[in-house]
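Listed below are the residues making up each chain.
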Amino acid sequence: MAKLVVENFNAFRELEGKPLPEGDWMTVTQEMINDFAKATGDYQWIHVDVEKATKYSPFKKPVAHGFMSVSLLSKMLEELIQVKSAQMGVNYGLNKVRFPSPVLVDSRLRLVGGISNIENYGDTGLKITWNCTVEIEGSEKPACAAEFLSLMFE
């Protein structure tokens, strides 16, 4: 997938209400899950104990943290779209988040979504509402569905 590149905020505003290109697939490895556990302090065995998860989990393998899926949104969006005139972007928050399906280790994920709203923010910024769905390859249900808010400044 080629990154969607727009020159400035005026061109970016034309994307409001339109779908974004589908993202590339990325594999969720045990190393990523372990690193997320280290960063958050969430060492629940279903995530980090491969032997125990294989033996006792109903999924028969480790599962990524739900919040890991939502934390990937910034990276996934950055890989999908670039606004050349933007000097800075920051996460602003989430209106809605759901985790309909667990992400098993070695699953492949990708982002699909669109921009539902763009509004002015201060003198040089925009507040963007992104509709994001993190798909799991081969699964009918997504890993994560979220209404994600970010700010971008020229």
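Rules used throughout
- Residues numbered from 1 in each chain as written.
- Predicted model: local features only at pLDDT ≥ 70, side-chain atom pairs only at ≥ 80, totals over all residues.
- Heavy atoms only, no water.
- Buried < 20%, exposed > 50% of the residue type's maximum accessible area, 1.4 Å probe, protein only.
- Helix = DSSP H or I, 4+ residues; strand = E, 2+ residues; numbered from the N terminus.
- Arc of directions from axis to C-beta.
- Contact = heavy atoms within 4.5 Å.
- Core = buried A, V, L, I, M, F, W, Y, C linked by side-chain atoms within 4.5 Å.
- Phe/Tyr/Trp six-rings, centres within 6.5 Å; stacked < 30°, edge-to-face > 60°.

What's the story with helix α6 (residues 73–80) in this structure? I'm lost.
Helical periodicity: at 3.6 residues per turn, an α-helix aligns residues three or four positions apart in one direction. Those residues of α6 lying buried are L73, M76, L77 and L80. The arc that holds the buried residues of α6, viewed along the axis, is 100 degrees, so those residues lie on one side.

Which parts of the structure should I look at to understand the environment of V5?
Secondary-structure assignment places V5 in strand β1 (residues 4–6). Taking C-alpha positions, V5 is 26 Å from P142, a pair spaced 137 residues apart along the chain. In contact with V5, not counting residues within four places along its chain, are Q82 and K84.

In this structure, what is going on with the nonpolar core? I would like to understand it.
Side chains that are nonpolar tend, in soluble globular proteins, to be buried together. Counting residues in each nonpolar core, the largest one holds 36 residues, and the members touching the most others are F12, L109 and W130. Elements represented by at least two residues in this core include exactly α1 (9–13), α2 (30–40), α5 (66–71), α6, β3 (81–83), β5 (108–121), β6 (125–136) and β7 (144–153). Sort the elements by how many residues they give to this core and β6 lands first, with six residues. Dropping the residues within four chain positions of it, F12 is found in contact with V6, I81, V83, I115, I118, L126, I128, W130 and M152.

Help me understand α2, please; the structure alone is not making it clear to me.
Within α2 the residues assigned to the buried category are Q30, I33, F36 and A37. Here the buried residues of α2 occupy an arc of 125 degrees about the axis, which is enough to place them on one side. Exposed and facing more than 90 degrees away from the buried side of α2 are E31, K38 and A39. The inward-facing, buried residues of α2 contact α3 (45–48), α4 (50–56) and α5. With its phi angle positive at about 75 degrees, G41 sits one or two positions after the end of α2.

Is there a simple way to think about the packing of aromatic side chains in this case?
Describing an aromatic ring pair means giving the distance of the ring centres and the angle of the ring planes. Evaluation of the coordinates by the stated rule reveals four aromatic pairs. Between F67 and F99, the aromatic rings sit 5.5 Å apart at their centres with planes inclined by 80 degrees, giving edge-to-face as the arrangement. Of this pair, F67 sits in helix α5 while F99 sits in the loop between β4 (88–98) and β5, and the two are 32 residues apart along the sequence. When its relative accessible area of 35% is taken as the criterion, F99 is described as partly exposed. With 5.8 Å between their ring centres and 70 degrees between their planes, Y92 and Y121 make a pair best called edge-to-face. Linking Y92 in strand β4 with Y121 in strand β5, this pair joins segments that are 29 residues apart in sequence. A residue is classified by how much of its surface remains accessible, and Y92, at 41% relative accessible area, is partly exposed. Members of the aromatic cluster, connected to one another through ring pairs, are Y92, Y121 and F153.

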